[in-house]
Amino acid sequence: MSQTKVALVTGANRGIGLAIAKGLAKQNYHVLMGCRDINAAEKLVDKTDGKITPVTLDLSDADAIATCLNDIDQQYPKIDVLVNNAGVLEREELDQLSPEQLQQSMQVNALAPFALMQFFAPKMAKNRFGRIVNVSSGWGATSGMLEGPVAYAISKSSLNVMTQIIAKQYRKYLKVNAMCPGWVRTRMGGMAATRSPEKGAETAIWLAGLSNDGPTGEFFRDKKQIAW
Ligand SMILES: NC(=O)c1ccc[n+]([C@@H]2O[C@H](COP(=O)([O-])OP(=O)(O)OC[C@H]3O[C@@H](n4cnc5c(N)ncnc54)[C@H](OP(=O)(O)O)[C@@H]3O)[C@@H](O)[C@H]2O)c1
């Protein structure tokens, strides 16, 4: 009998992250729902969702991340799937963007996913199995970079490069991919967006479940490869 796989999803208390968490739980993963407010998160899940356990995961700085990862690792030493979903969108134009806003975007959208990959990828490799999904954006693609908000484009394009580097390093047992969920109705995307959170979550859930002959080091939207 195969063991239940454990999936950690960051920023899983709302939006696309919540839809990814619920979607994975419906596929019988035990989902660790990464969030800053664990008490609020507990109210978001019910028994019909499957097995979802909120865990505190604050990505605001390196110390907070280290503390949270240490706690998670003590309780759940084997993580099979990591979904780096948490993100922030600073909308300031280039001439208005403050160093703090750029720093915050880099921290949540790039440095935090990197820290999590650095932490979990070697453990996954030791277990000879791992799937990492980085929730990126078309605005982080080099081809789309000139269109989106500056700090967002810089941070998501960094995440895209990290995806390729980690994928190459851990090619033997891991699948490490990035994806764009499309324009999704969340606090970030706004209510005019064309997609539901569930639709936005589909490709991430698919990448989490890739078989051993699946792709790695690639960028996807709607389960189809797109250009970096
Ligand atoms: N919506 C879209 O149209 C769209 C398009 C392309 C890509 N994306 C990407 O999809 C992902 C999810 O976006 P969304 O639309 O679902 O956004 P959202 O509703 O604004 O949710 C963002 C999530 O990130 C978490 N987060 C932010 N800063 C954090 C921090 N310092 N530590 C821990 N968690 C933090 C939030 O937690 P709190 O509740 O604690 O703030 C929340 O759970 C993001 O990476 C985003 O860039 C979205």
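This text goes with the structure placed above it.
All chains use their own residue numbering, which begins from 1 and follows the written sequence. Reporting of local features is limited, given that this is a predicted model, to residues whose pLDDT is at least 70; pairs of side-chain atoms are given and counted only at 80 or more, and all residues count toward the totals for whole chains, interfaces and linings. Side-chain numbers here rest on the full set of heavy atoms in the structure, without hydrogens or water.

Can you tell me about the packing of aromatic side chains, naming the residues and giving the values?
Two aromatic rings, drawn from Phe, Tyr or Trp (for Trp, its six-membered ring), form a pair once their centres lie within 6.5 Å of each other, and the interplanar angle then sorts them: stacked below 30 degrees, edge-to-face above 60, tilted otherwise. Taken as a whole and assessed by the stated rule, the structure comprises four aromatic pairs. With a centroid separation of 4.9 Å and 85° between ring planes, the pair formed by Phe119 and Phe120 is classed as edge-to-face. Each residue gets one of three labels from its accessible area relative to the maximum for its type: buried under 20%, exposed over 50%, partly exposed in between, using a 1.4 Å probe on protein chains only. Overall, the relative accessible area of 2% leaves Phe120 in the buried class. Ring geometry for Trp206 versus Phe220: centroids 5.3 Å apart, planes at 80°, classification edge-to-face. Here Phe220 lies in strand β7 (residues 219-221) and Trp206 lies in helix α6 (residues 197-208), a separation of 14 residues in the sequence. In this structure Trp206 comes out as partly exposed when scored by relative accessible area, which is 31%. Just above the ring of Phe129 sits the side chain of Lys5; from NZ or CZ to the centre is 4.6 Å. Above the face of the Phe119 ring, Lys123 is positioned so that its terminal group lies 4.9 Å from the ring centre. Only DSSP runs of H or I reaching four residues or more are called helices, and only runs of E reaching two or more are called strands; each is numbered from the N terminus. In this analysis the charged atom, NZ for Lys or CZ for Arg, is taken to sit over a ring once it is within 6 Å of the ring centre and within 35 degrees of the ring normal.

Would you mind going over the pattern of salt bridges in detail, with residue names and values included?
Salt bridge, as used here, is a side-chain nitrogen of Lys or Arg placed within 4 Å of a carboxyl oxygen of Asp or Glu. A full pass over the atoms with the stated rule returns five salt bridges. For the salt bridge of Asp73 with Lys123, the shortest nitrogen-to-oxygen distance reads 3.4 Å. Of this pair, Asp73 sits in helix α3 (residues 62-75) while Lys123 sits in helix α4 (residues 99-126), and the two are 50 residues apart along the sequence.

Quick one: what's the story with the nonpolar core, residue by residue and with numbers?
By size, the foremost hydrophobic cluster in this structure holds 30 residues, and its most contacted members are Leu8 and Ile79. Put simply, the parts of the chain that give this core at least two residues each are β1 (6-9), α3, α4, α5 (150-169) and β6 (174-179). Residue contributions to this core peak at nine residues, all from α4. Contacts between residues were defined by any pair of non-hydrogen atoms, one from each residue, lying within 4.5 Å. Sequence-distant contacts of Leu8, that is, excluding residues within four places in its chain, are made with Leu32, Gly34, Val55, Leu57, Ile72, Ile79, Val81, Leu82, Val83 and Phe120. One finds Ala12, Val81, Val83 and Phe220 within the second-largest nonpolar core, a separate group that totals 29 residues. To form a nonpolar core, buried Ala, Val, Leu, Ile, Met, Phe, Trp, Tyr and Cys residues must be joined to one another through side-chain atoms within 4.5 Å.

Describe the site of the ligand, listing the residues and the values that go with them.
Proximity is defined per residue: if any heavy atom of the residue lies within 4 Å of a molecule or strand, that residue is considered near it. In the vicinity of the ligand, 28 residues are found, and the nearest of them are Asn13, Arg36, Asn85, Tyr152 and Thr186. Separating an oxygen atom of the ligand from a backbone N or O atom of Gly11 is a distance of 3.1 Å. Contacts to the ligand include Asn85, whose backbone N or O atom sits 2.7 Å from an oxygen atom. Relative to its unbound accessible surface of 900 Å², the ligand loses 92% to contact with the protein. Class assignment for the residues of the shell around the ligand results in 12 nonpolar, 11 polar and five charged. In protein, a polar contact means a hydrogen-donor-capable atom and an acceptor-capable atom, both N or O and within 3.5 Å, with residues adjacent in sequence counting only if both atoms are side-chain atoms; elsewhere, any N or O pair within 3.5 Å suffices. Only the protein chains shown count as cover for residues, and the accessible areas themselves come from Shrake-Rupley with a 1.4 Å probe. When residues are grouped by polarity, Ala, Val, Leu, Ile, Met, Phe, Trp, Tyr, Cys and Pro land in nonpolar, Asp, Glu, Lys and Arg in charged, and all others, Gly among them, in polar.

Just give me the short version of the packing of helix α1 (residues 15-26) against α6, but keep the residues and values in it.
Two numbers describe how α1 lies on α6: the axes approach to 8 Å, and their chain directions differ by 55°. Relative to α6, α1 is oriented oblique. Note that α1 runs across α6; the crossing there is right-handed. Residue-level contacts link Gly15, Ile16, Ala19, Ile20, Gly23 and Leu24 of α1 to Pro197, Glu198, Gly200, Ala201, Ala204, Ile205 and Ala208 of α6. Class assignment of the residues belonging to the contact of α1 with α6 gives a composition of nine nonpolar, three polar and one charged. Fitting a line to C-alpha atoms yields each axis, with helices limited to the stretch in contact; the angle taken between N-to-C directions then spans 0 to 180 degrees. Convention used here: angles under 35 degrees read as roughly parallel, angles over 145 as roughly antiparallel, angles from 65 to 115 as roughly perpendicular, and any remaining angle as oblique. Helix crossings are classified by the rotation of the near helix relative to the far one: an anticlockwise turn of less than a right angle makes the crossing left-handed, while a clockwise turn makes it right-handed.

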